[in-house]
Amino acid sequence: MRIVSFGYQTWGRRTLQALLDSPHEVVLAVTHPASDDPYKGIWSDSVEELARENNIPVHLTERADPETIELVQRAAPDVIVVNSWYTWMPKELYDFPRHGTLNLHDSLLPKFTGFSPVLWALISGADEIGLTVHRMDEQLDTGDILVQHSLPIEPGITGTELVLAGMELIPGAVNEALAALESGNPQWRPQDKSARTYFHKRSERDGLIDWRSDAADIERLIRALSAPYPPAFTHYRGERIEVLASRVSEARYGGTAGRVIVQEDGGTVVCGPDALRGNNFGLVITRVRTPDGVEHDGAAFFRRGGYLTDAP
């Protein structure tokens, strides 16, 4: 089959590599230009570079404009394969190939549609993540499913480790989906729209710790926002601090949510709903980083006690 690839960042590059390793022909690679956006720089392996190394024609564009549509039509693909494409694609483009357009989304649809699904899955306490290959339609991540591969979320795994593990699902899912199309009898499964969950784009505000949350929820947030992601943060004595490592306490702590005391070999924070009753576990912070870039042991840093707050 003739394939046009739409993709960007490491996800797009891994997908293009899987297509190049398949028995099919990649006739065009469409990708976004390099960006100075900090978030897009986190996983910034180049699709353009890989395509040029393999003598694949490349089209750089921010969106699927008329020029892009014309180039794709001239390439006469049997299918378009998309992973990590940031802008809307019109129906005249995604319906053009005889097999339509396959989109790769790193969740088990219809759960975790939208943005940053792997991080949101870890933060929310889900048991697994996955990769779905589905047919593109007029809405976001709602088309019929062709292939799904799942991956358990292991205890203690970081967001970075989980993202990398999820990327390892790409080659197998791509090959299975293309084989299904080539068979002439692909088994499409409509999504249950009533089970759909949607998560918004992550921003800096989403890394601010809410000490009224359960300790287990906060610990997962901190673990999800591992380097190179911007870490979870709070404020202590008028200064913003980044929380790099933590664990749920052994004992239960009561008082005011956000109160920090030196217990259990770290700075232990009273947290959770209805904290004054003392029914909640605390969060033991073991590693922090101050605005000067210096990392500190939690117990030593919080030796004066005090409160962690939403603002300076």
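Criteria and thresholds
- Residue positions are given per chain, counting from 1 as you read along its sequence in written order.
- Side-chain atom pairs in this predicted model are given and counted only at pLDDT of 80 or more, local residue features only at pLDDT of at least 70, and totals for whole chains, interfaces and linings cover all residues.
- Side-chain metrics rest on all non-hydrogen atoms present in the structure, leaving aside hydrogens and water.
- UniProt positions are given in the numbering used here, feature names are shortened, and annotations may be inferred rather than shown by experiment.
- Note on conventions: DSSP H or I runs of at least 4 residues are helices, E runs of at least 2 residues are strands, and numbering of each starts at the N terminus.
- Take the buried Ala, Val, Leu, Ile, Met, Phe, Trp, Tyr and Cys residues and link them wherever side-chain atoms come within 4.5 Å; each set so joined is a nonpolar core.
- Only protein chains enter the area calculation, which uses a 1.4 Å probe; residues under 20% of their type maximum are buried, those over 50% are exposed, and those in between are partly exposed.
- Residue ranges for the domains trace back to a domain assignment, done automatically or taken from a database.
- A contact between two residues is defined here by any heavy atoms of the two lying within 4.5 Å.
- Multiplying 1.5 Å by the helix residue count minus one yields the expected span of that helix.

**A closer look at the UniProt feature "domain: Formyl transferase C-terminal" (unreviewed entry) in the chain**
Part 1: As annotated in UniProt, the feature "domain: Formyl transferase C-terminal" (unreviewed entry) corresponds to residues 204-303 in the numbering used here.
Part 2: Regarding residues 204-303, the helix share stands at 14% and the strand share at 41%, and the terminal C-alpha atoms are separated by 28 Å.

**Considerations on the nonpolar core**
Part 1: Counting residues in each nonpolar core, the largest one holds 67 residues, and the members touching the most others are Trp211, Ile285, Phe302 and Leu308.
Part 2: Built from parts of two domains, this core gets at least three residues from each of domain 1 (2-199) and domain 2 (204-309).
Part 3: The contacts of phenylalanine 302, once residues within four sequence positions are left out, are Tyr236, Ile241, Val260, Val262, Gly267, Ile285, Val288 and Leu308.
Part 4: Core analysis: the second largest hydrophobic core is formed by 16 residues, Leu28, Ile69, Val72 and Ile80 among them.

**Notes on helix α1 (residues 9-21)**
Side chains that are three or four residues apart share a direction in an α-helix, a result of its 3.6 residues per turn.
Part 1: Taking 1.5 Å per residue as the helical rise, α1 with its 13 residues ought to reach 18 Å, and the 18 Å between its terminal C-alpha atoms agrees with that figure.
Part 2: Looking only at α1, the buried set comprises Gln9, Thr10, Trp11, Gly12, Thr15, Leu16, Ala18 and Leu19.

**Considering unusual backbone geometry**
Part 1: In this chain, leucine 109 is followed by proline 110 through a cis amide linkage whose omega measures 15°.
Part 2: On the secondary structure map, proline 110 appears in the loop between β5 (101-105) and β6 (113-114).
Part 3: Going from alanine 227 to proline 228, the amide bond is cis rather than trans, its omega being 15°.
Part 4: One can find proline 228 in the loop between α8 (215-224) and β10 (233-236).
Part 5: In the Ramachandran plot, alanine 76 falls in the positive-phi region, its phi being about 50° despite a non-glycine side chain.
Part 6: Its location among the elements puts alanine 76 in the loop between α3 (66-75) and β4 (79-83).

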